Amino acid sequence: MTKDVVISVRGLQVMDNESAEDIETVQQGEYFERNGSIFLLYDEYYEGFDEPVKNVMKIRGNEMTLTKRGIINVQMNFEAGKKNLTRYQTPYGVMMIGLDTSRVVCLQEEKSLAIEIDYTLEANYQYVSDSKIRIMVRERKNSRHKMSPCVGTHSTACCAGAFIHDNRMLAERAFYC
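Every value quoted in this text rests on a predicted model; they were computed, and no experiment measured them. (Residues numbered from 1 in each chain as written. Predicted model: local features only at pLDDT ≥ 70, side-chain atom pairs only at ≥ 80, totals over all residues. Heavy atoms only, no water.)

(A) View of the sheet that holds strand β10 (residues 126-139). Taken together, 10 strands build an open sheet; the order of strands is β6-β5-β4-β3-β2-β1-β10-β9-β8-β7 and the sheet is antiparallel. Single-partner strands in this sheet number two, and they are β6 (74-79) and β7 (82-90). Pairwise comparison of adjacent strand axes, ignoring direction, gives a mean angle of 30° for this sheet. Judged from the 12 bridges that link them, strand β1 (residues 4-15) and strand β2 (residues 19-34) form a sheet pairing that is antiparallel. Residue pairing in the sheet places Val-9 in a bridge with Thr-25 of β2. (Pairing = 2+ DSSP bridges. Helix = DSSP H or I, 4+ residues; strand = E, 2+ residues; numbered from the N terminus. Axes fitted to C-alpha atoms, helices over the stretch in contact; angles between N-to-C directions.)

(B) Molecular detail of the nonpolar core. Counting 29 residues, the largest nonpolar core has Met-57, Phe-78 and Ile-135 as its most contacted members. Counting residues per element, the ones that place at least two in this core are β1, β3 (37-44), β4 (53-60), β5 (63-69), β6, β8 (93-108), β9 (112-123) and β10. If one sorts the elements of this core by residue count, β9 sits on top with 5 residues. The residues contacting Ile-135, other than those within four sequence positions of it, are Ile-7, Ser-8, Val-9, Met-57, Met-64, Leu-113, Ala-114 and Ile-115. (Core = buried A, V, L, I, M, F, W, Y, C linked by side-chain atoms within 4.5 Å. Buried < 20%, exposed > 50% of the residue type's maximum accessible area, 1.4 Å probe, protein only. Contact = heavy atoms within 4.5 Å.)

(C) Geometry of the packing of aromatic side chains. Considering all chains together, one arrives at 2 aromatic pairs under this definition. Considering the side-chain rings of Phe-78 and Tyr-119, the 5.0 Å spacing of their centres and the 65° angle between planes classify their relative orientation as edge-to-face. Of this pair, Phe-78 sits in strand β6 while Tyr-119 sits in strand β9, and the two are 41 residues apart along the sequence. Each member of the pair, Phe-78 as well as Tyr-119, is classed as buried. (Phe/Tyr/Trp six-rings, centres within 6.5 Å; stacked < 30°, edge-to-face > 60°.)

(D) Summary view of the pairing of β9. Counting buried positions along β9 yields 10 of 12 residues, so the element is predominantly enclosed. Here 11 bridges tie β8 to β9, and the two strands are oriented antiparallel to one another. Paired with Asp-100 across the two strands is Thr-120, which belongs to β9. Hairpin connection, β8 to β9: the antiparallel pair is bridged by 3 residues. Examined bridge by bridge, β9 and β10 share 12 bridges and lie antiparallel to one another. Bridged to Tyr-119 within β10 is Ser-131. Taken together, β9 and the strand that follows it, β10, pair antiparallel across an intervening segment of 2 residues, in which Asn-124 is found at a positive phi of about 50°.

(E) Quick look at the pattern of salt bridges. Scanning all chains against the criterion turns up 11 salt bridges. A salt bridge links Arg-134 to Glu-116; the nearest nitrogen and oxygen atoms lie 2.8 Å apart. Of this pair, Arg-134 sits in strand β10 while Glu-116 is found in strand β9, placing the two residues 18 residues apart along the sequence. As far as burial versus exposure is concerned, Arg-134 and Glu-116 are alike and both buried. Residue Arg-134 pairs with Asp-118 through a salt bridge whose shortest N-O separation is 3.2 Å. Remark: Asp-118 occurs in strand β9 and Arg-134 occurs in strand β10; sequence separation between them is 16 residues. Here Asp-118 falls in the buried class, since its relative accessible area comes to 12%. (Salt bridge = Lys/Arg side-chain N within 4 Å of Asp/Glu carboxyl O.)

Pasting the structure below:
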């Protein structure tokens with residue numbers, strides 16, 4: 001895969017088996033491999049803030065680490081079969097979050113990468129939701145394909161992702177806004 005990529009991160013949180021929140025963000029970023037690990041770098045912008053949050057994803061086997069630096073500071077470790085606690089710092093305060101990860105799947109092809117993570121989210125030691133993260137990475141097409149700026153989060157009507165089930169890609173679509 002080339003260094004210049006488009007990264008779609010889609011999160012789904014199901015709270016109390018009733019309500020669900022589906023959020024997706026699409027960003028331009030960088031891809032590289034080092035010492036058997038895959039790295040994704042991208043900036044994320046939040047409404048009301050001028051400075052981006054710098055994101056670094058490190059994927060190795062059944063483990064993914066997401067580090068955010070800026071107005072949000074956190075290092076989230078997702079490792080299948082393990083629960084990890086971390087400090088989640090925002091402009092509005094700090095909380096402890098728990099990530100009890102049941103599954104991390106990574107499928108890499110020549111020009112794409114798909115990652116799926118299933119976990120239970122806790123905040124300040126209280127259950128919040130059963131959650132899923134779906135990450136789809138594609139080589140960025142040449143400059144004649146322009147993307148609209150993706151700021152903050154978008155509904156899935158704007159962008160599309162990929163889904164993995166039992167180590168097979170079920171559906172994938174382009175995810176330009």
